[in-house]
Amino acid sequence: MNRRLLLSAGVAVAATVAGGYTLLGRKPAAPAATAEAGDPVAALMQLQLPDLGGASHSLSGWKGQPIVVNFWATWCAPCVREMPELDALQKKYPQVRFVGIGVDSAANMQKFVEKVQVSYPLWVIGAGAIDTLRKLGNPSGGLPFTIVFNADGGINRKILGEIQPDDLERTLSGLKA
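Described in the following lines is the structure provided in the data block. Since this is a predicted model, take the numbers as computed values, not measurements. (Residues numbered from 1 in each chain as written. Predicted model: local features only at pLDDT ≥ 70, side-chain atom pairs only at ≥ 80, totals over all residues. Heavy atoms only, no water.)

1. A few points about the overall build of the protein
Operational definition: For helices the rule is a DSSP run of H or I covering at least 4 residues; for strands it is a run of E covering at least 2, with both sets numbered from the N terminus onward. Type-normalised accessible area, obtained with a 1.4 Å probe on protein chains alone, sets the label of each residue: buried when under 20%, exposed when over 50%, and partly exposed for intermediate values. Should any heavy atoms of two residues lie within 4.5 Å, those residues are counted as being in contact. We get accessible surface area from the Shrake-Rupley algorithm with a probe of 1.4 Å; when it comes to residues, only the shown protein chains can shield them.
When you go through the protein residue by residue, the secondary structure sums to six helices and seven strands. Starting at the N terminus and walking to the C terminus, you meet the elements of the protein as α-α-β-β-β-α-β-α-β-α-β-β-α. Going through the 177 residues of the protein one by one, you find that 36% of them count as buried. Sequence-distant contacts, at least 24 apart, represent 61% of the contacts inside the protein between residues at least 6 apart. As displayed, the protein offers around 10300 Å² of accessible surface, 58% of which is attributable to carbon and sulfur atoms.

Structure (structure tokens):
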């Protein structure tokens, strides 16, 4: 019994050492030439995302306008609860562009909008977006996550969790188009 344990431990140590040497021998990856490497906001602005019809869009198309970006998912109860409130705010503040970016599949989102419709566009980023959320200042990668951008592209505010409509309205009323 002790011999097996000792042999297993020896194999584990050897595998760990071999893995370490393999990692040390690798050349570091070349730095990304995109804005994503240094500026996650610039990367988000340039990111091409499909809408539910498959057409590609980016936030950079709304340059010079205030934007509310809401990261959400169909399976996220607080996300679903806040959508009608976001829709009402979008209608009240037409000079502010709203977009819901789904951390979900296009198929799930398509089924969802058959039941719950919103007047602002919905784009798909997919379930692999948690790293993007973390880079944007959401360390837990939780949903919903809302970012309010000023017209100059700077972040005005980040809201992790369900929005409070009156609170978000105060922010929106202070935005300049």
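2. Considerations on the packing of helix 3 (residues 77-92) against helix 6 (residues 165-173)
Put simply, the test is: Lines fitted to the C-alpha atoms define the axes, with helices restricted to the stretch that makes contact. Angles between their N-to-C directions range from 0 to 180 degrees. Note that the term roughly parallel is reserved for angles under 35 degrees, roughly antiparallel for angles over 145, roughly perpendicular for angles of 65 to 115, and oblique for everything else. Here a crossing is taken to be left-handed if its near helix is turned anticlockwise relative to the far helix by less than a right angle, and right-handed if that turn runs clockwise. Classes in brief: Ala, Val, Leu, Ile, Met, Phe, Trp, Tyr, Cys and Pro nonpolar; Asp, Glu, Lys and Arg charged; the others, Gly included, polar.
Close contact between helix 3 and helix 6 brings their axes to 11 Å; oriented N to C, the two are set at 25°. Relative to helix 6, helix 3 is oriented roughly parallel. Helix 3 and helix 6 meet at a crossing whose hand is right-handed. Contacts between helix 3 and helix 6 involve Glu-85, Leu-86, Leu-89 and Lys-92 from the first element and Pro-165, Leu-168, Glu-169 and Leu-172 from the second. Here the contact of helix 3 with helix 6 is composed, by residue class, of five nonpolar, no polar and three charged.

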